Amino acid sequence: MASTTSSQPQQINVADLDLQQLSDVRRQLEEELNHLTNSFAQLKQAQAKFKSCIENVREIKPQNKGTTILVPLTNSLYVPGHLSDAENVIVDVGTGYYVKKSRAQATKYYETKVEYIRTNLDTLQETIQKKQENMSYLVNVMQAKLQQSQTQPTKV
């Protein structure tokens, strides 16, 4: 019969590890923290983009119908255009697909996206906090081991 403990991660007391192993664990934690903080920054950027979309949709008003506007083709390229339909907008729903929605539907869509990202950011923030606490504990253990090795008399 196969062991069932292989499906769960084995916990090891870091105080039982030697300095080289602690150094390896620290490097791994640093990489994980780096990845998580990069992901956090990217999610924040996406959230800001969706909030900007909400503001853009709110700027479109029926009284602006027929006015000349700048239409973004890319982040840095805009072309002049005329606002012919002030009741509906085209929403980028991802992977090159666009959907026509009313202004209210578009606002609700973007608000839902902002809220979804916010919950992910909260979860990610908690994970980052735990990893930082683990890193702090690990550094303390490493410092204690270094002090202990320096105070022990060398054997001749």
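Everything below is about the structure shown above.
This structure is a prediction, so every number in the text was calculated from the model and none was measured.

Scoring rules and cut-offs
- Residues numbered from 1 in each chain as written.
- Predicted model: local features only at pLDDT ≥ 70, side-chain atom pairs only at ≥ 80, totals over all residues.
- Heavy atoms only, no water.
- Helix = DSSP H or I, 4+ residues; strand = E, 2+ residues; numbered from the N terminus.
- Buried < 20%, exposed > 50% of the residue type's maximum accessible area, 1.4 Å probe, protein only.
- Contact = heavy atoms within 4.5 Å.
- Phe/Tyr/Trp six-rings, centres within 6.5 Å; stacked < 30°, edge-to-face > 60°.

### As for the environment of Leu22
In step 1: For Leu22, the location among the structural elements is in helix H1 (residues 19-59).
In step 2: On the basis of relative accessible area, Leu22 is assigned to the buried category, the value being 0%.
In step 3: Placed 108 residues apart in sequence, Leu22 and Lys130 show a C-alpha to C-alpha distance of 18 Å.
In step 4: When near neighbours in sequence (up to four residues on either side) are disregarded, Leu22 contacts Val14, Leu17, Leu138, Val141, Met142 and Lys145.

### A closer look at the environment of Leu36
In step 1: Note that Leu36 resides in helix H1.
In step 2: For Leu36, a relative accessible area of 15% gives the class buried.
In step 3: For the pair Leu36 and Gln150, spaced 114 residues apart in the sequence, the C-alpha separation amounts to 35 Å.
In step 4: In this structure Leu36 touches Leu124, Thr127, Ile128 and Lys131, once residues within four positions along its chain are discounted.

### Topic: the packing of aromatic side chains
Two aromatic rings are characterised by how far apart their centres lie and by the angle between their planes.
In step 1: Throughout the structure, instances matching the rule amount to 2 aromatic pairs.
In step 2: Ring geometry for Phe50 versus Tyr110: centroids 6.0 Å apart, planes at 35°, classification tilted. Of the two residues, Phe50 is situated in helix H1 and Tyr110 in helix H2 (residues 103-151); the sequence distance between them amounts to 60 residues. Each of the two residues, Phe50 as well as Tyr110, counts as buried.
In step 3: Ring centres of Tyr109 and Tyr110 lie 5.4 Å apart, and the angle between their planes is 70°; this geometry places the pair in the edge-to-face category.
In step 4: You can call Tyr110 buried: its relative accessible area is 7%.
In step 5: Taken together, Phe50, Tyr109 and Tyr110 form an aromatic cluster joined through their ring pairs.

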